Amino acid sequence: MRDHETVPYSLPAITDEDSINRARSLRDRLKQRRTCRYFSDKPVPREVIEAAIEAAGTAPNGANHQPWHFAVVSSPEKKRAIREAAEEEERKFYGADKDKAKASEEWLDALAPLGTDEDKPFLETAPWLIVVFAQRKGGIEEDGKTQNYYVNESVGIACGMLIATLHEAGLATLTHTPSPMGFLREICGRPDWEKPLMVVVVGHPEEGATVPVHALQKKPLDQIASWL
Ligand code: IYR
């Protein structure tokens with residue numbers, strides 16, 4: 001290693017048995033997560049959202065520039081603005097306004113088992129929308145100039161940690177990705193070197209909420225892993 005300033009690093013020692021048990025126990029909890037498309041308006045404490053964003057902010061990332069920003073939306077006015085703009089794009093995507101759908105036939109067929117359409121009422125019903133921005137530039141100082149690295153990878157990992165923490169807190173989430181989503185930059189007042197990546201919708205499932213059977217089908221270990 002090249003010379004650089006360091007501090008010691010160690011982890012509390014645990015047995016292999018504990019290690020296996022802890023991995024399996026977190027796996028089993030994460031297996032309960034579902035993408036939820038039916039949210040109630042039941043409030044969620046701001047403290048939960050703060051802690052989850054702090055957890056996301058510890059994600060491994062390019063050159064420790066931490067190239068993310070989380071715009072947290074709870075005001076009814078902003079939520080409505082986001083819903084209206086998102087539904088306008090989704091109507092074009094699904095071809096809901098008589099125009100030809102922007103999405104290909106193949107894409108629409110792939111979405112059919114999920115039952116999604118252009119209506120996004122959850123963007124107003126759910127108590128919190130976390131709009132995630134990827135900072136193409138800025139560095140640690142967020143100067144808007146310094147080059148950032150592995151931005152999509154970094155922010156993607158951060159979103160995974162955000163969602164895992166919210167799930168652990170007993171909340172339902174939905175990663176919503178309207179396309180195009182430039183309108184989010186305007187509504188959230190973010191600079192043009194930031195790219196909106198996704199909206200993480202957070203709240204409690206509505207009574208009677210369902211998930212598509214299609215989403216329960218998970219690839220088994222021997223299909224998703226190879227051992228060399
Ligand atoms: N953004 C659209 C379409 C959509 C696309 C994929 I890939 C999904 O997994 C789900 C939806 C929408 O939100 O409806």
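Report on the accompanying structure.

About the criteria used
For every chain, the first residue of the written sequence is number 1, and numbering continues from 1 onward in sequence order. Given that the model is predicted, a residue must reach a pLDDT of at least 70 before its local features are reported, and side-chain atom pairs must reach 80 or more before they are shown or counted; all residues, however, enter totals for whole chains, interfaces and linings. Just so you know, side-chain values use all the structure's heavy atoms and leave hydrogens and water out. Pairing between two strands is assigned when DSSP locates at least 2 bridges connecting them. Elements are defined by DSSP. Helices are runs of H or I of four residues or more, strands are runs of E of two residues or more, and each kind is numbered from the N terminus. Every angle, taken between N-to-C directions, lies between 0 and 180 degrees, and every axis is a line fitted to C-alpha atoms, over only the stretch in contact when it is a helix. Burial classes follow relative accessibility: with a 1.4 Å probe on protein chains only, a residue under 20% of its type's maximum area counts as buried, one over 50% as exposed, and anything between as partly exposed. In summary, the pairing rule links any two rings of Phe, Tyr or Trp, Trp by its six-membered ring, whose centres are within 6.5 Å, and it sorts them by plane angle into stacked for under 30 degrees, edge-to-face for over 60 and tilted for everything else. The contact rule is simple, with two residues in contact once any of their heavy atoms fall within 4.5 Å. When we say a residue is near a molecule or strand, we mean one of its heavy atoms is within 4 Å of it. Throughout this description, a polar contact denotes any pair of N or O atoms lying within 3.5 Å of each other; where both atoms belong to protein, one of them has to be capable of donating a hydrogen while the other can accept it, and for residues adjacent in sequence the pair is counted only when both atoms sit in side chains. Surface accessibility follows the Shrake-Rupley procedure with a 1.4 Å probe radius. Residue values consider only the protein chains on display as shielding.

**Overview of the sheet that holds strand 3 (residues 172-176)**
Pairing between the strands of a sheet is mediated by backbone hydrogen bonds and can be parallel or antiparallel.
Then, number 1: Taken together, four strands build an open sheet; the order of strands is 1-2-4-3 and the sheet is antiparallel. Here the strands that pair on one side only, and so sit at the sheet edges, are strand 1 (68-73) and strand 3. Each neighbouring strand pair of the sheet contributes to a mean axis angle of 25°, computed without reference to strand direction.

**Considering unusual backbone geometry**
Then, number 1: Cis geometry is found at the peptide bond from S179 to P180, where omega equals -5°.
Then, number 2: Relative to the assigned elements, P180 resides in the loop between strand 3 and helix 7 (183-188).
Then, number 3: With phi around 50°, Q66 is a residue other than glycine that occupies positive phi space.
Then, number 4: Inspection of the secondary structure puts Q66 in the loop between helix 2 (46-56) and strand 1.
Then, number 5: In the Ramachandran plot, Y150 falls in the positive-phi region, its phi being about 45° despite a non-glycine side chain.
Then, number 6: By the secondary structure assignment, Y150 is in the loop between strand 2 (128-135) and helix 6 (151-168).
Then, number 7: Taking the relative accessible area as the measure of exposure, Y150 reaches 60% and is therefore exposed.

**What to know about the packing of aromatic side chains**
Then, number 1: Inspection of every chain in the model, using the stated rule, returns three aromatic pairs.
Then, number 2: Judged by centre distance (4.8 Å) and plane angle (90°), the ring pair of F93 and W107 falls under edge-to-face. Of this pair, F93 sits in helix 3 (residues 76-94) while W107 sits in helix 4 (residues 105-111); the two residues are 14 residues apart in sequence, bridging distant segments of the chain.
Then, number 3: Its relative accessible area of 46% is what places W107 among the partly exposed residues.
Then, number 4: Ring pairs connect the aromatic residues F93, Y94 and W107, which therefore count as one cluster.

**Observations regarding the side chain of H167**
Then, number 1: Within the secondary structure layout, H167 lies in helix 6.
Then, number 2: Excluding residues that lie within four positions of it along the chain, H167 makes contacts with R29, L30, Q32 and R33.

**A closer look at the pairing of strand 4 (residues 194-203)**
Then, number 1: Of all 10 residues that make up strand 4, nine are buried, and the element is covered over most of its length.
Then, number 2: In this sheet, strand 4 lies alongside strand 2 in antiparallel orientation, the contact comprising eight bridges. Along strand 4, the bridge assignment pairs V132 with M198.
Then, number 3: Direction of pairing for strand 3 relative to strand 4: antiparallel, over a ladder of five bridges. By the bridge assignment, T173 is partnered in strand 4 with V202.

**Concerning the site of the ligand**
Then, number 1: In the vicinity of the ligand, the contacting residues are E90, F93, Y94, W107, L111, L114, T116, D117, K120, H176 and T177.
Then, number 2: Y94 places a side-chain nitrogen or oxygen 2.5 Å from an oxygen atom of the ligand.
Then, number 3: In the environment of the ligand, an oxygen atom lies 3.3 Å from a nitrogen or oxygen atom belonging to the side chain of H176.
Then, number 4: Protein contact buries 71% of the 370 Å² of open area that the ligand shows by itself.
Then, number 5: Taken together, the elements giving at least two residues each to the shell around the ligand come down to helix 3 and helix 4.

Geometry only, nothing functional implied.
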